[in-house]
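Each chain is listed here by its residues.
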Amino acid sequence: MALCRIGLSPNLESAEAPYFGFNSLTRLIRPTCVHLSGKNDNSIWRRSSRVKCFSSRKTASPLESKESANVTDPDSVVEELGHAMKFKMSDFKICDRVSIGLSGRADEVVFEATVKDANSPLHNSRVVLRRLTSAQAQRRGKRAIEVLKKLARRRLMYHSYSMQVHGYVRPSTSGDCSSFTLVHGYHGSFSLRHWLQQSDWLPTLEATLALDEESVRRVGDDTVGGPAVSRQLRLIRILMRDLLIGVNYLHSHGLAHTELRLENVHISPVDGHIKVGILGNAADFYENDPNNSTLDRNTDRRKMMIAFDMRCVGFMMAKMVLRELMDPLIFAKFKSFLTKGNDSSCLREFLLQTFSRSSSSGNFGLQILDRNWGAGWNLLSLLLATKPSERISCLDALRHPFLCGPRWRVDPSMDIIRWGLGSTAVRITEEYIYGQQQRSRLAHFIELMEMLNPHSKPKNWLELLPGKWRLLYCTGRHIGLTLREPLARVLIGDVHLSVCRKSKLNTTLSFTSDISFTVLIGRDWPHDKAGVIGKLQVNSHFRLTAGRRQYLKEENAASNFSSAPSNTQDSVIKKLSGKKWRKVIPFKEFPSSLPVAKFFSTDIEVTMSLDDPLGKNVDSAQNVVREVRTQVPPEMFDLSKLVCGTYVDSRLLVLHGVNGSALFFTRSCTN
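Residues numbered from 1 in each chain as written. Predicted model: local features only at pLDDT ≥ 70, side-chain atom pairs only at ≥ 80, totals over all residues. Heavy atoms only, no water.

Condition: UniProt positions are given in the numbering used here, feature names are shortened, and annotations may be inferred rather than shown by experiment.
In the nomenclature of an unreviewed UniProt entry, the protein is known as Protein kinase domain-containing protein of Davidia involucrata. The protein has a UniProt comment under Subcellular location (unreviewed entry) that states "Plastid".

Below, the structure written as structure tokens:
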């Protein structure tokens with residue numbers, strides 16, 4: 001909870017102490033009028049000397065540089081900030097309330113005011129007076145005015161996408177160095193975080209932005225209204241595009257914001273644009289050193305600063321789409337997942353586990369990210385990439401399919417096409433309805449992924465294959481539970497394949513298949529599926545080499561690899577021969593074979609653990625093993641039947657067994 005309290009000196013004549021209380025992290029409190037009685041507004045400002053502020057947030061950004069405690073002389077301040085407007089306290093009429101969205105740090109005192117000077121261009125305009133008391137806070141205020149001078153060349157963009165800094169209040173006396181008062185624009189009562197914390201945030205924001213057909217055309221859409229998911233996606237596109245345009249405006253002027261958070265972003269109801277906050281911590285890309293030796297260092301500095309801003313934009317997008325991340329505990333898990341070095345492309349798998357869901361149905365945020373072949377997850381992974389060099393830029397993000405409506409024709413890159421194929425295949429597996437139509441579609445998508453495999457060389461497999469993978473689907477024979485009488489009533493849980501590379505000096509890999517299951521005791525299927533927990537583990541070692549897999553027509557002639565139906569292969573050929581796919585296929589003629597990673601296995605070792613009371617009964621344990629072998633693909637029980645890998649990237653894996661069936665995996669990430 002953040003609480004700001006302003007106490008007036010007790011010797012003021014007939015004055016009441018105003019208290020502005022707010023909770024900026026948990027709930028909204030509408031601003032209430034707390035009246036001040038005194039001789040005049042200026043006396044109230046001068047005598048509000050006792051300031052007590054408590055905040056759970058840090059008082060200074062981690063990117064703020066250390067500075068001397070000495071305060072700059074007021075005369076030098078006036079000379080240094082000569083390009084900004086200079087005010088006197090008598091120019092303002094102080095309001096008796098402060099909006100919750102203007103909450104500041106512990107070293108800031110915030111007032112709302114109206115300019116009453118008739119000669120001022122801001123006459124009758126509402127402004128915010130931010131009194132900065134500490135040395136670091138004063139540095140931020142002066143920096144915000146310096147940035148104004150740098151951005152003045154494109155004043156229209158500055159007014160549209162940044163909170164306007166008008167100037168500062170001149171010290172009343174030449175020796176007054178205890179504070180620095182910044183005067184900036186007022187853009188509504190709430191920050192973006194406070195908007196999203198409202199229960200009716202979606203219709204309220206739509207009404208605030210006055211969405212009409214003209215406004216939705218800016219994001220490539222052609223309709224207003226519709227289902228809640230479509231409305232939320234449309235609104236997120238508008239907010240994200242405005243945010244990216246504003247951040248790109250700063251980057252194009254050699255500045256990094258460094259403090260992009262929902263609390264620092266406001267939405268102006270006047271022009272409907274996002275304001276990216278006061279630029280008090282904006283950092284320059286380039287150091288003021290004319291030596292050529294600093295050129296490379298400046299380039300690296302620029303890339304790192306842009307990458308930091310884009311990561312902040314990614315966190316903001318995640319909170320806008322996934323409301324669960326507004327909870328500080330869940331967001332801490334989300335952030336910890338990324339800081340541990342996990343690949344950002346696995347965010348969907350991680351968040352499904354965090355939200356305790358097996359699919360995205362019923363959750364608007366997950367549905368939004370799943371739309372358009374999982375384009376939202378792709379953009380989020382690019383914004384939050386672990387390596388700064390892999391993060392997307394503002395301009396590329398604005399061209400991303402997730403932020404482009406249906407009216408805009410976007411030519412997706414090969415990476416996005418691969419991502420879309422894999423995401424669609426994963427969504428089909430989550431339906432758990434494996435009729436002939438679903439099985440044909442899954443086989444079709446897996447074939448397409450194999451033809452577009454970006455990592456076919458053994459060195460790529462040795463880098464990407466190690467890790468823990470969860471089995472999603474197998475194109476081989478499926479055994480159900482309803483049309484037969486099983487030896488033991490076994491429910492299969494997650495099936496994982498863990499791959500570990502023994503040494504970087506050789507190509508030997510250790511494969512471990514972990515099969516978790518539950519054995520239900522009794523002859524009938526009980527409603528309560530809590531039974532005896534068991535685990536089956538299979539270990540083996542493999543040597544990886546380069547190989548080729550006979551494909552398409554030639555594959556039909558090989559009897560050992562004939563499990564894939566010919567009609568699926570014919571449909572793949574017909575699909576890829578079409579005009580739409582011909583542009584993205586990396587070869588002009590379909591080859592008779594494709595490069596794969598070939599596996600050569602050694603002996604396997606099988607172990608099983610079974611809780612009591614079944615653990616002591618040998619016959620029951622044998623029946624359980626037989627039932628597990630019946631339901632699980634044979635390649636997961638006998639790892640020596642895995643012969644090659646046909647597709648691998650940072651999140652998906654396709655392996656083939658000796659009978660030709662394909663096993664489809666997704667990378668599993670622990671919390």
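Having seen the model, we can carry on.
1. Digging into the sheet that holds strand S9 (residues 180-185)
Stated precisely, the cut-off is as follows: The rule for pairing is simple: two strands pair if DSSP sees at least two bridges between them. The numbering of helices and of strands both runs from the N terminus, where a helix is a DSSP run of H or I of at least 4 residues and a strand a run of E of at least 2. Axes here mean lines fitted to C-alpha atoms, for a helix over just the part in contact, with angles spanning 0 to 180 degrees between N-to-C directions.
Strand order in this open sheet of six strands is S4-S8-S9-S7-S6-S5, and the pairing throughout is mixed. Either end of the sheet is taken by a strand with one partner, and the two such strands are strand S4 (85-87) and strand S5 (92-94). Neighbouring strand axes in the sheet, compared pairwise and without regard to direction, differ in orientation by 35° on average. Pairing between S5 and strand S6 (residues 108-115): three bridges, direction antiparallel. By the bridge assignment, Lys93 is partnered in S6 with Thr114.

2. Points about the nonpolar core
Note that soluble globular proteins tend to have their nonpolar side chains buried in a common cluster. Under the convention used in this document: Throughout this description, the term nonpolar core refers to a set of buried Ala, Val, Leu, Ile, Met, Phe, Trp, Tyr and Cys residues connected via side-chain atoms within 4.5 Å. Using a 1.4 Å probe on the protein chains alone, a residue whose accessible area is under 20% of its type maximum counts as buried, one over 50% counts as exposed, and one in between counts as partly exposed. Here the limits of each domain have been adopted from an automatic or database domain assignment.
Of all hydrophobic cores here, the largest spans 86 residues; its most connected members are Leu239, Met240, Leu243, Leu244, Met317, Phe334 and Phe402. Domain assignment of the residues forming this core places at least three in each of domain 1 (85-185) and domain 2 (192-286 + 296-325 + 341-410). Counting 38 residues, the second-largest nonpolar core is a separate cluster that includes Leu464, Val490, Val628 and Val648.

3. Points about the packing of aromatic side chains
We apply this condition: Within 6.5 Å between ring centres, the rings of Phe, Tyr and Trp (the latter by its six-membered ring) count as paired, and their orientation is classed by plane angle as stacked under 30 degrees, edge-to-face over 60, tilted in between. We call a charge positioned above a ring when the Lys NZ or Arg CZ atom is no farther than 6 Å from the ring centre and deviates by at most 35 degrees from the ring normal.
Inspection of every chain in the model, using the stated rule, returns twelve aromatic pairs. Residues Phe315 and Phe334 carry aromatic rings whose centres are separated by 6.1 Å and whose planes lie at 75° to one another, so their mutual orientation is edge-to-face. With Phe315 in helix H9 (residues 295-321) and Phe334 in helix H10 (residues 328-339), the pair connects residues that are 19 residues apart, well separated along the chain. For Phe315, a relative accessible area of 9% gives the class buried. Taken together, the ring pairs in this structure connect Phe315, Phe331 and Phe334 into an aromatic cluster. The lysine or arginine in question, Lys142, covers the ring of Phe180, its NZ or CZ lying 5.8 Å from the ring centre.

4. Some words on the side chain of His251
The residue His251 is located in helix H8 (residues 228-252) in this model. According to the relative accessible area criterion, His251 is buried, its value standing at 8%.

5. Quick notes on the packing of H9 against H10
Heads up, the condition is: Handedness of a helix crossing follows the sense of rotation of the near helix relative to the far helix, less than a right angle counterclockwise being left-handed and clockwise being right-handed. Note on definitions: a residue-residue contact is assigned when non-hydrogen atoms from the two residues lie within 4.5 Å. Only Asp, Glu, Lys and Arg are considered charged in this grouping, and only Ala, Val, Leu, Ile, Met, Phe, Trp, Tyr, Cys and Pro are considered nonpolar; every other residue, Gly among them, is considered polar.
Closest axis-to-axis distance for the H9/H10 pair is 12 Å, and the angle between their directions is 140°. In this structure, H9 crosses over H10, and the sense of that crossing is right-handed. Touching Arg311, Phe315, Ala318 and Lys319 of H9 are Phe331, Phe334, Lys335, Leu338 and Thr339, all from H10. Here the contact of H9 with H10 is composed, by residue class, of five nonpolar, one polar and three charged.

6. A word on the environment of Leu487
On the secondary structure map, Leu487 appears in the loop between strand S14 (467-474) and strand S15 (489-501). Taking the C-alpha atoms as reference, Leu487 lies 7.8 Å from Arg626; in sequence the two are 139 residues apart. The residues contacting Leu487, other than those within four sequence positions of it, are Asn623, Arg626 and Glu627.

7. Some details on the pattern of salt bridges
Where charged atoms of side chains with opposite charge meet at close range, the side chains can pair. How we decide: Salt-bridge detection follows one rule: a side-chain nitrogen of Lys or Arg within 4 Å of a carboxyl oxygen of Asp or Glu.
If you walk through the whole model with that rule in mind, you get 19 salt bridges. As a salt-bridge pair, Arg231 and Glu206 come within 2.8 Å of each other at their nearest N and O atoms. Here the residue Arg231 occupies a position in helix H8, and Glu206 occupies one in helix H6 (residues 201-209), the gap between them amounting to 25 residues. Between Arg348 and Glu430 there is a salt bridge, with its nearest N and O atoms 2.7 Å apart. Of this pair, Arg348 sits in helix H11 (residues 347-354) while Glu430 sits in the loop between helix H14 (414-429) and helix H15 (436-451), and the two are 82 residues apart along the sequence. Both residues of the pair, Arg348 and Glu430, belong to the buried class.

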